[in-house]
Amino acid sequence: MTEYNNIPCNGIVPCDGGVCAAKGFKATGIHAGLRKNKDKLDLALICAEKECNAAGVFTTNRVFAAPVGVTRAHLKNGKARAAICNSGNANACCTDGYEKAEATCAALAEKLGIQADDVIVASTGVIGVSLPIEPLVAGIPTLIDTLSDDCDASDRAASAIMTTDTKKKEFAFEMQLGDKIARIGGICKGSGMIQPNMATMLCFITTDANISSEMLQKALSEVICDTFNMVSVDGDTSTNDMVTVMASGLAGNDEIAADCTEFEVFKSALKLICTKLCTAIAADGEGATKLIECDIRNFSDSNGARVLAKSVINSSLVKTAMFGADANWGRVLCALGYAGLDIDTSKIDVKFISDAGEILVCENGCGYPFSEEKAKDILLRDSITIDVDMKSGDKSAKAWGCDLSYEYVHINGDYRS
């Protein structure tokens, strides 16, 4: 088994194209007028040339945006043809939210000549402000006219769904399914209000693998647990979170309709792209200066390992210590201790690791003599791993987050203006 950026990939290799890498998909992004800055794209479209098998996962926040409710209903039949997403307005907590979301689907469906319930609709931006539907609907003809399957098209779509993001997030990979080559690509947005209990802010994935709706949903639901559910920027679960996948089937492989070798390959590719996307979100957290990964190793059960890793990543004191390059390992143990699990603190080892090296700071639950200078050099790097050996089993988990900087407060204290 090989690895790509430390992620097992089973022969899966990166390729160009984002959401247009897979056969049968086109995309675009335009400025429709939803955002005041005319230089910022604010409306994205991903369109398939044929009806796709589809799957989705959604926020567990009981206060959820209208597009989440509409898309959840549309995907009940496991089919979709297009995904439309606006930035600049969340269409959440508004009396006309469902009306606006359904109107968006209807307007797009009419122009494409498809059914409205074959449309995935999503929004991101400020909560509680009525979505201006006129510029959105008026922009749909331009959206359709500018659809393309080149790399720039995926790039435009990735730009159009950004809010406080500072970087576009898009990846694509190809895999071998039987004697066919299949591709999978994705774009996502997310920078703040990130503490998913299913996914993250918004993520759209396309593939030309021939896979049934049921197996597509199974793969997505399983992969989410170790990818998007393991990323946190600030501990807030959004009202608008969703991850959707559309599969055109145009790779020509035999349909994946049950557990088999090809299903495992597909799931590995899906996990790889979800991992790349969610770690890109963590690295681009609002005000972030560092990507933090917490590796929990050798614990008694997988779910418990996930809980422990998220507890460390979510700790404000751990996050501020990382921002200040302070090797305050006691904060890591503290976060493990209040995670609510039965743990043996007398066995825990903690290391800090980066491309500057690694350093053991805690052994068997107690302080281990270390060089503060070396530790600081390790923690000054852009990407840091907090390695925790529980020495209590053989299960592991990873979680991703970022440091907590002065800039995070500035961004969120001034968000609506």
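Remember, predicted model here, so these are calculated numbers, not experimental data.

1. Comments concerning the overall build of the chain
Looking only at helices and strands, the chain features eleven helices and 17 strands. Sequence separation of 24 or more characterises 79% of the internal contacts of the chain that already satisfy a separation of 6 or more. Carbon and sulfur atoms make up 48% of the accessible area of the chain, which amounts to about 16,700 Å² in all.

2. Some thoughts on the nonpolar core
With 77 residues, the main nonpolar core has Phe-266, Leu-270, Ile-296, Leu-336, Phe-352 and Ile-386 as its most contacted residues. Among the elements that line this core, the one with the most residues is helix H6 (residues 261–283), at twelve residues. Each residue touching Phe-352, except ones within four places of it in the same chain, is listed here: Met-322, Ala-327, Trp-329, Val-332, Gly-357, Glu-358, Ile-359, Val-361, Ile-378, Leu-379, Thr-385 and Ile-386. Core analysis: the next-biggest nonpolar cluster, separate from the first, contains 28 residues, Val-19, Ala-80, Ile-120 and Ala-157 among them.

3. Quick notes on the pairing of strand S10 (residues 202–207)
Most of S10 sits inside the fold, with six of its six residues counted as buried. Residues Leu-202, Phe-204 and Thr-206 of S10 are buried on one face, and the alternating residues Cys-203, Ile-205 and Thr-207, pointing to the opposite face, are buried as well. In this sheet, S10 lies alongside strand S9 (residues 180–189) in antiparallel orientation, the contact comprising six bridges. If you follow Ile-184 over to S10, its bridge partner there is Thr-207. Relative to strand S11 (residues 242–247), S10 runs parallel, the two being bridged by six bridges. Note on S11: the bridge partner recorded for Leu-202 is Met-242.

4. A look at helix H3 (residues 133–145)
The sharpest bend along H3 measures roughly 35 degrees and falls at Gly-139, with the proline Pro-141 sitting one to four residues further on. Next to the buried residues of H3 lie strand S4 (25–30), strand S5 (43–58), strand S6 (79–89) and helix H2 (97–112).

5. A closer look at the sheet that holds strand S16 (residues 383–389)
Spatially, S15-S14-S13-S16-S12-S17 is the arrangement adopted by the six strands of the open sheet, whose pairing is mixed. Every other strand in the sheet has two partners, leaving strand S15 (366–367) and strand S17 (395–402) as the edge strands with one partner each. Running over the sheet, helix H8 (residues 316–323) touches strand S12 (291–299), strand S13 (349–354), S16 and S17 and is turned about 130 degrees from S16.

6. Re unusual backbone geometry
Not every positive phi belongs to a glycine, and Asn-91 is a case in point at roughly 45 degrees. Inspection of the secondary structure puts Asn-91 in the loop between S6 and H2. By relative accessible area, which is 1% here, Asn-91 ends up buried.

7. Description of H2
Each full turn of the α-helix corresponds to 3.6 residues, which orients residues three or four apart in the same direction. With 16 residues, H2 extends 23 Å between its outermost C-alpha atoms, agreeing within 8% with the 22 Å of an ideal straight helix rising 1.5 Å per residue. Downstream of H2 by a residue or two, Gly-113 has a phi angle that is positive, lying close to 75 degrees.

8. Describing the packing of aromatic side chains
Applying the stated criterion to the full structure yields zero aromatic pairs. Geometry around Phe-64 places Arg-72 over its ring, the cationic atom sitting 5.1 Å from the centre.

9. A few points about the confidence of the model for the chain
With 89% of its residues at a pLDDT of at least 70, the chain reaches an overall mean of 90. Taken as a whole, residues 1–8 scores under 50 in pLDDT and shows 19 contacts with residues more than four places along the chain or in a different chain. Note on residues 192–200: pLDDT under 50 across the span, and 57 contacts to partners over four residues away in sequence or across chains.

10. Digging into the packing of helix H7 (residues 302–314) against helix H9 (residues 330–337)
Two elements in contact, H7 and H9, have axes separated by 8 Å at closest approach and are oriented at 130 degrees. By the angle between their directions, the pair H7 and H9 is classed as oblique. For the pair H7 and H9, the crossing hand works out as right-handed. Residues Leu-308, Ser-311 and Val-312 of H7 pack against Val-332, Ala-335 and Leu-336 of H9. Looking at the contact of H7 with H9 residue by residue, the class counts come to five nonpolar, one polar and no charged.

11. Regarding the pattern of salt bridges
Within the structure shown, the criterion is met by 14 salt bridges. For Asp-96, the salt bridge identified is with Lys-100, shortest N-O distance 2.9 Å. Overall, Lys-100 belongs to the buried group, its relative accessible area being 11%. Measuring nitrogen to oxygen at the nearest pair gives 3.1 Å for the salt bridge that ties Arg-183 to Glu-174. According to the relative accessible area criterion, Arg-183 is partly exposed, its value standing at 29%.

The rules behind the values
- Residues numbered from 1 in each chain as written.
- Predicted model: local features only at pLDDT ≥ 70, side-chain atom pairs only at ≥ 80, totals over all residues.
- Heavy atoms only, no water.
- Helix = DSSP H or I, 4+ residues; strand = E, 2+ residues; numbered from the N terminus.
- Contact = heavy atoms within 4.5 Å.
- Areas by Shrake-Rupley, 256 points an atom, 1.4 Å probe, with all protein chains shown as cover.
- Core = buried A, V, L, I, M, F, W, Y, C linked by side-chain atoms within 4.5 Å.
- Buried < 20%, exposed > 50% of the residue type's maximum accessible area, 1.4 Å probe, protein only.
- Pairing = 2+ DSSP bridges.
- Bend = angle between axes of the 7 residues up to and from the residue.
- Axes fitted to C-alpha atoms, helices over the stretch in contact; angles between N-to-C directions.
- Expected span 1.5 Å × (residues − 1).
- Phe/Tyr/Trp six-rings, centres within 6.5 Å; stacked < 30°, edge-to-face > 60°.
- Lys NZ or Arg CZ within 6 Å of the ring centre and 35° of its normal.
- pLDDT = per-residue confidence, 0-100.
- Parallel < 35°, antiparallel > 145°, perpendicular 65-115°, else oblique.
- Left-handed = near helix turned anticlockwise from the far one by under 90°.
- Nonpolar A, V, L, I, M, F, W, Y, C, P; charged D, E, K, R; others polar.
- Salt bridge = Lys/Arg side-chain N within 4 Å of Asp/Glu carboxyl O.

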